[in-house]
Amino acid sequence: MTTPDWQDQTRSVADRVSSLLAHMTLEEKVAQLGSRWVSNDMEHDEEPADETGTNLNVAPMQDVFAASGSVSLQEASKHGLGHLTRVYGGIPLTVTEGAAEVVRQQRIVIEDSRLGIPALVHEECLTGFTTYGATVYPAAIAWGATFDPDLVERMAAAIGRDMAAVGVHQGLSPVLDVVRDYRWGRVEETMGEDPYLVSMLGAGYVRGLQSAGIIATLKHFAGYSAARAARNHGPVPMGRRELMDVILPSFETAIRVGRAGSVMNSYSDVDGVPAAADSWLLTDLLRDEWGFTGTVVSDYWAVPFLATMHKVAADTGEAGAQALAAGIDVELPDTLGFVADLDDRVRAGEVPE
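Residues numbered from 1 in each chain as written. Predicted model: local features only at pLDDT ≥ 70, side-chain atom pairs only at ≥ 80, totals over all residues. Heavy atoms only, no water.

Draft legend 1. Summary view of the pairing of strand β3 (residues 120-123). Pairing of strand β2 (residues 83-85) with β3, which is carried by three bridges, proceeds in the parallel orientation. In the sheet register, L84 faces β3, and the bridge partner there is V121. In this structure, β3 lies alongside strand β4 (residues 170-171), joined through two bridges in parallel fashion. Bridging from a neighbouring strand, E123 pairs with G171 of β4. (Pairing = 2+ DSSP bridges. Helix = DSSP H or I, 4+ residues; strand = E, 2+ residues; numbered from the N terminus.)

Next comes the structure, spelled out in structure tokens:
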């Protein structure tokens, strides 16, 4: 049996990538933008409404969470798949059980698709590898109290080694949000209110995690911690100058100094523009000015939120087109916007391939 060019390890990576891309269909390229969270098996019910049609759902975003919960991994990966979401972190699994589940899911992705491209496995790792039985380290706000980037780097390296040993490729940390209002409910996930301190500690975490071969993911890009009245997901009433002076230095440092491999968008809008649809933030600044060459992943369900929460897209398909055009490369934790009708939009000339 002849080995395909893209699997020939005697060839350069660039040659293998070019060969693989040349063999991929449009559907296979679209599939690499997606993900599947097998543990997300919530049933999707229609939103309850009264006789006037008013939505009575007290947790309306749960409908977005559940929208892809009934899609099997086989169906989600029939053309391939970009990411496997939280195999270890979705439900309590021992190391042995988790490793077996990673193998099971990867076999489905590889064997059921034409090209046999394995998926990346990502997990949460803010205070350690977030899985049953793993070591838990102090919260990030405690790192800020140490003023010790080297200590944070050593901690992150230990976290990364644990993850790499069990087949994980990407970690969704560190949180580089600079605190603006201590009423915000996620302050303990941050390293505090000083942009310089957050920058130094954040770059240390990135260096440590990536020294173990785990891709670090900077979040939440950008402005999440500065929402009006500290409301989670709330709008951020901040001008460009304050954003550049206070919020963005920690991300730029982690990219330029720490060489971070991935960035995750913020749920919030800044001055009326949702981060997931902000081409200035995700392309002009991040890639063109800072020189970032890694992968931009969406925060969980941030792509469909452009339609359901921000109301800047008519539906999930349009939300996917907007997010892709702005600069988001992979949709997490399940694929909604990047699968709805993206290939049709490409063929219609609405989205460049």
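After that view of the structure, there is still more to cover.
Draft legend 2. Representation of the side chain of H83. Structurally, H83 is set in strand β2. For H83, a relative accessible area of 2% gives the class buried. A polar contact is formed between the side chain of H83 and the side chain of H122, at a distance of 3.1 Å. Apart from the residues lying within four places of it in its own chain, the contact partners of H83 are G34, S35, R36, A119, L120, H122, Q170, V330 and L332. (Buried < 20%, exposed > 50% of the residue type's maximum accessible area, 1.4 Å probe, protein only. Polar contact = N/O pair within 3.5 Å; in protein donor to acceptor, adjacent residues only side chain to side chain. Contact = heavy atoms within 4.5 Å.)

Draft legend 3. Spatial organisation of helix α13 (residues 316-326). Of the positions making up α13, those classed as buried are G317, A319, G320, A321, A323 and A326. Following α13 by one or two positions, G327 has its phi on the positive side, about 135°.

Draft legend 4. Region of interest: the sheet that holds β4. Reading across the sheet, the seven strands line up as β1-β2-β3-β4-β5-β6-β9 and stay open at both edges, with parallel pairing between neighbours. Each edge of the open sheet is held by one strand with a lone partner, namely β1 (35-36) and β9 (295-297). Note: β4 against strand β5 (residues 215-221), two bridges, orientation parallel. In the sheet register, Q170 faces β5, and the bridge partner there is I215.

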